[in-house]
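# Coordinate inspection notes
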Amino acid sequence: MTATHTRDVTRQHTVVDSPYGPLTLVATDGVLAGLYMTDQRHRPPEETFGDPDPHPFAETIRQLDAYFAGELREFDLPLHLDGTPFQRSVWAQLQLIPYGETRSYGELAELLGKPGASRAVGLANGKNPVGIIVPCHRVIGASGSLTGYGGGLDRKQRLLAFENGTQDDTPALF
């Protein structure tokens, strides 16, 4: 009989305010593993977030504050991204999309060497566990239309407008 040992994982979370509503940050073993908006599609159950503890998130919060202040265009944080190899490859491509720019699902599929996989890219994009920092909001439809966003199309539109300097400062209700 073979014994299997599974390592215990420490999970913690905190909630921070943002111009786009409260953001729940989740860490696995002290490394950012989730950034979830309220009412986000594919948001894991709260009980999986671990104990409340703001300690592991100091640098994430600092960088988010700088981003929302318009002072940071590229995040530099270690990430713990749980997903399939294909999902992780899509999320890696998302991180290469420059601030203020967009790519279509088809363009990402081409960059991944899978030109017929734009639908699969869209599904992987939608399951991105670290929104904003892994900028899935920068992916649009082939026609330039804003298509699905786990945090809602209004947030996607506002994030894109913020990044390209056309943001309406009207407060949104989230």
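### Concerning the sheet that holds strand E2 (residues 23-28)
Read across the open sheet, the four strands follow the order E3-E2-E1-E4; overall the sheet is mixed. Across the chains shown, the open sheet's two edge strands, defined by having one partner strand only, are strand E3 (31-37) and strand E4 (51-52). Of the pairings in the sheet, the one linking strand E1 (residues 11-16) to E2 comprises six bridges and is antiparallel in character. In the sheet register, arginine 11 faces E2, and the bridge partner there is threonine 28. Strands in contact with helix H1 (residues 58-68) are E1, E2 and E3; relative to E2, the strand with the most contacts, it is inclined by about 145 degrees.

### A closer look at the confidence of the model for the protein chain
Confidence in the prediction of the protein chain, expressed as mean pLDDT, is 87, and 87% of residues score 70 or more. Across residues 170-174, confidence stays below pLDDT 50; counting only partners more than four residues off in sequence or on other chains, it has nine contacts.

### Some words on the nonpolar core
Leu64, Tyr67, Leu94 and Ile132 are the most contacted members of the largest nonpolar core, which totals 36 residues. For this core, the element with the most residues is H1, which contributes four residues. Contact partners of tyrosine 67, with chain neighbours within four places excluded, come to Leu72, Phe75, Tyr99, Ile132, His137, Leu159, Phe162 and Glu163.

### Here's the deal with unusual backbone geometry
Although it is not a glycine, histidine 42 sits at a positive phi angle of roughly 65 degrees. The exposure class assigned to histidine 42 is partly exposed, which follows from its relative accessible area of 44%. With phi around 65 degrees, isoleucine 132 is a residue other than glycine that occupies positive phi space. By the element assignment, isoleucine 132 lies in the loop between helix H4 (118-126) and strand E6 (139-140).

Conventions used here
Residues numbered from 1 in each chain as written. Predicted model: local features only at pLDDT ≥ 70, side-chain atom pairs only at ≥ 80, totals over all residues. Heavy atoms only, no water. Pairing = 2+ DSSP bridges. Helix = DSSP H or I, 4+ residues; strand = E, 2+ residues; numbered from the N terminus. Contact = heavy atoms within 4.5 Å. Axes fitted to C-alpha atoms, helices over the stretch in contact; angles between N-to-C directions. pLDDT = per-residue confidence, 0-100. Core = buried A, V, L, I, M, F, W, Y, C linked by side-chain atoms within 4.5 Å. Buried < 20%, exposed > 50% of the residue type's maximum accessible area, 1.4 Å probe, protein only.

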